[in-house]
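# Analysis of the macromolecular model
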Amino acid sequence: MMQPEIMQITLLGATGSIGRSTLDVITRHANRYQVYALTANTNVDSLEKLCEVWKPRYAVMFDQLSAAQLSNRLKTKNIKTRVLSGETGLLQVVEDTAVNCVVAAIVGAAGLVSALAAAKAGKRVLLANKEALVMSGKLFMDTVRENDALLMPVDSEHNAIFQCLPDSFTPHHSSVKMTNTQAKSGIERLLLTASGGPFRTFSTDQLHDATPAQAINHPNWDMGKKISVDSATLMNKGLELIEAYWLFDMDIDNIDVVVHPQSVIHSMVTYCDGSVLAQLGNPDMRTPIAHALAWPQRIDAGVEPLSLFDVAKLEFEKPDLERFPCLRLCYQAIKTGGCASIVLNAANEVAVAAFLEEKIGFTDIATLIEKTLDKADLSQDTGSLEKILEADVMARTITNELITNY
Ligand code: NAD
Ligand code: MG
């Protein structure tokens, strides 16, 4: 793919936390990046404001009603953005030949189809939507390779690992392909750091009574609600484990989770000569976004320089799999294979939504996921998008039934 002077970007999930951070980086580099399309779920007000500022060629809303509303409002303001809707709209702005780069920042399974389409269309794919990779791991990575896409990890840990890998692993159109060369390059382990979330020091009793308001109040990162709850249960780290497994083609037993409450080291790679390479920085998603946008170059991200004297102390702990069973379930899901990761992800999405609606308690999230994994047929085929989506629906049905009978 020829690199044009100005990169045309489709930003999926523009109104979210990653979407906003991405636009903040882009705004600093108008000479390099142009916003081609912006998408959102149903928040017409937010996307209208973004369209006023960015005047993209296209905007996509989840449903026709919101799309019609947005379209009318933009017309009265004489903004020429064309408004599309639904999955067809998303696919159109992902596959458009004018687009060079797709930022996949929709939350949850809802982002799978469009992220996969970006890989299939051979784009530079900035992947924030970790659930896509958790659900479709092998299919996604195969699609990237077969279609010469460039997969850039945006999740801060994976972006950090990427930065700590030898140059031989730089993702020339096929992500960080480690197979066979892993041993040669002396890589031993990946150390995935975790802040530990807002409940790191909570007792089992305190966890039992934890509220949504407490769960979404993350100590170091400002994120969407779903990923904030995932950080509180450590499911986020579990999903990231699965994400790392696929991205870096690493044996799951060679990936460790290290709780590091300061969130200054974003992850590490250990080598056979005893070296441990780490990437450090302030906890600000604009750093990995800027890296993924500009790689192999570096651009200003608007992030404050890291002051080690202010940080003063870096601490490390082992994760507690008893208090945070979601992490254990993720290790298990990888080892079980089949559609276990899809079921786990779907059950988690349903359970987190129920927790946010105060239908279930905090510790019920892990219980429901485990029960769903027990009930579901995990041997189902995951070789195609269709099969993956079937397994997702099957798991959601089970978890919803469990919640109804709770
Ligand atoms: P968010 O909730 O702030 O934003 C989600 C975006 O997706 C919004 O623009 C929303 O309109 C859109 N969306 C939601 N449901 C949709 C649907 N059904 N169809 C179409 N669009 C839909 O979430 P976020 O924190 O920005 O996270 C986005 C993704 O990035 C998640 O997968 C998350 O795990 C990942 N991620 C986030 C962070 C972070 O710091 N926020 C860090 C690493 C990875
Ligand atoms: Mg992360």
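Preceding block: the structure.
Everything in this summary refers to the structure shown in the same document. Keep in mind that this is a model prediction, so the values were computed, not measured. Along each chain, the written sequence defines residue order, and numbers are assigned to residues from 1. The naming scheme follows written order: chains are lettered A onward, ligands numbered 1 onward. Only residues with pLDDT of at least 70 are given local features in this predicted model, and only at 80 or more are side-chain atom pairs given and counted; all residues enter the totals for whole chains, interfaces and linings. In computing side-chain properties, one takes all heavy atoms of the structure into account and sets aside hydrogens as well as water.

This paragraph deals with the pattern of salt bridges. What makes a salt bridge here is a side-chain nitrogen of Lys or Arg within 4 Å of a carboxyl oxygen of Asp or Glu, nothing more. Here the structure, examined in full by the defined rule, presents 25 salt bridges. Note that D230 and K226 form a salt bridge whose closest N and O atoms lie 2.8 Å from each other. Taken together, the residues D230 and K226, both in helix α11 (residues 225-233) and four residues apart, mark about one turn of the helix. Side by side, D230 and K226 carry an identical accessibility label, which is buried. With a closest N to O distance of 2.9 Å, K335 and D253 form a salt bridge. Secondary structure is summarised from DSSP: a helix means a run of H or I of at least four residues, a strand means a run of E of at least two, and numbering begins at the N terminus for each. Working definition: with a 1.4 Å probe on protein chains only, accessible area under 20% of the residue-type maximum means buried, over 50% means exposed, and in between means partly exposed.

Take the pairing of strand β7 (residues 150-153) next. Side-chain alternation along β7 places L150 and M152 on one buried face and L151 and P153 on a second face that is also buried. Bridge count between strand β6 (residues 124-127) and β7: four bridges; the pairing is parallel. Residue pairing across strands places R124 opposite L150, the latter belonging to β7. If the strands point away from the viewer and the path from the first strand over the helix to the second runs clockwise, then the crossover is right-handed. Of the crossover connections in this fold, the one passing from β6 over helix α6 (residues 130-146) to the parallel β7 is right-handed. Pairing between strands is defined by DSSP: at least two bridges between them are needed.

Residues are classed as near a molecule or strand on a simple rule: at least one heavy atom within 4 Å of it. Of all residues adjacent to ligand 1, which total 22 residues, the nearest are T15, S17, N41, E131 and G224. Here a polar contact is recorded for every N or O atom pair within 3.5 Å, except that within protein the pair must consist of a potential hydrogen donor and a potential acceptor, and residues adjacent in sequence are included only if both atoms are side-chain atoms. N41 is positioned with one of its backbone polar atoms (N or O) 2.9 Å from an oxygen atom of ligand 1. Here N129 contributes a side-chain N or O atom positioned 3.5 Å from an oxygen atom of ligand 1. Sorting the residues of the shell around ligand 1 by element identifies α1 (17-27) and α6 as the ones contributing at least two each. Partitioned by chemical class, the residues of the shell around ligand 1 number twelve nonpolar, seven polar and three charged. Polarity classes work like this: nonpolar for Ala, Val, Leu, Ile, Met, Phe, Trp, Tyr, Cys and Pro, charged for Asp, Glu, Lys and Arg, and polar for all others, with Gly in that last group.

Turning our eyes to something else, we now look at the packing of α6 against helix α12 (residues 235-247). Orientation is described by axes fitted as lines to C-alpha atoms, over the contacting stretch for helices, and by angles from 0 to 180 degrees between their N-to-C directions. Viewed as axis vectors pointing N to C, α6 and α12 meet at an angle of 20°, and their least axial separation amounts to 9 Å. Here α12 runs roughly parallel to α6, going by the angle between their axes. Crossing of α6 against α12: the hand is left-handed. Each of K130, L133, V134, G137, K138 and M141 in α6 lies in contact with α12, whose residues at this interface are N236, L239, E240, I242, E243, W246 and L247. For the contact of α6 with α12, a count of residues per class yields seven nonpolar, two polar and four charged. Roughly parallel covers angles under 35 degrees, roughly antiparallel covers those over 145, roughly perpendicular covers 65 to 115, and oblique covers all other angles. Helix crossings are classified by the rotation of the near helix relative to the far one: an anticlockwise turn of less than a right angle makes the crossing left-handed, while a clockwise turn makes it right-handed. Any two residues whose heavy atoms approach within 4.5 Å at even a single point are treated as in contact.

As a further point, take α12. One turn of the α-helix equals 3.6 residues, which is why residues spaced by three or four share an orientation. Its 13 residues place the ends of α12 18 Å apart at the C-alpha level, agreeing with the 18 Å of an ideal helix rising 1.5 Å per residue. Counted residue by residue, α12 has eleven buried out of 13 residues, so it is predominantly covered. All of the buried residues along α12 are M235, N236, K237, G238, L239, E240, L241, I242, E243, A244 and L247. In a helix, the anticipated span is given by 1.5 Å times the number of residues less one.

Turning to its location among the elements, S228 is positioned in helix α11. A distance of 2.7 Å separates the side chain of S228 from the backbone oxygen of G224, its partner in a polar contact. The contact partners of S228, leaving out residues within four places of it in the chain, are A215, I216 and M223.

Take the sheet that holds strand β4 (residues 82-85) next. Here we have seven strands laid out as an open sheet, ordered β4-β3-β2-β1-β5-β6-β7, and parallel in their pairing. Lying at the two open borders of the sheet, with one neighbouring strand each, are β4 and β7. Averaged over neighbouring strand pairs, the angle between their axes works out to 25° when direction is ignored.

When a protein is soluble and globular, its nonpolar side chains tend to lie buried together. As used here, the term nonpolar core means buried Ala, Val, Leu, Ile, Met, Phe, Trp, Tyr and Cys residues forming a set that is joined through side-chain atoms within 4.5 Å. Of all hydrophobic cores here, the largest spans 95 residues; its most connected members are F140, F199, L344, I365 and I369. In terms of residues, this core owes the most to one element, helix α16 (residues 340-356), which gives eleven residues. Setting aside chain neighbours within four positions, we find F140 in contact with A115, L116, A119, L127, L133 and L151. Counting residues in each nonpolar core, the second largest holds 43 residues, with I9, V25, V83 and L293 among its members.

As summarised here, the arrangement of the four strands in space is β9-β8-β10-β11, forming an open sheet in which the pairing is mixed. Lying at the two open borders of the sheet, with one neighbouring strand each, are β9 (255-259) and β11 (276-280). Here the average twist between neighbouring strands, direction ignored, is 20°. Bridge count for strand β10 (residues 265-271) against β11 is five bridges, and the pairing is antiparallel. Bridge assignment links S267 to a residue of β11, and that residue is Q279. Packing against the sheet, helix α7 (residues 156-164) makes contact with β8 (187-194), β10 and β11, and its axis sits at approximately 40° to β10.

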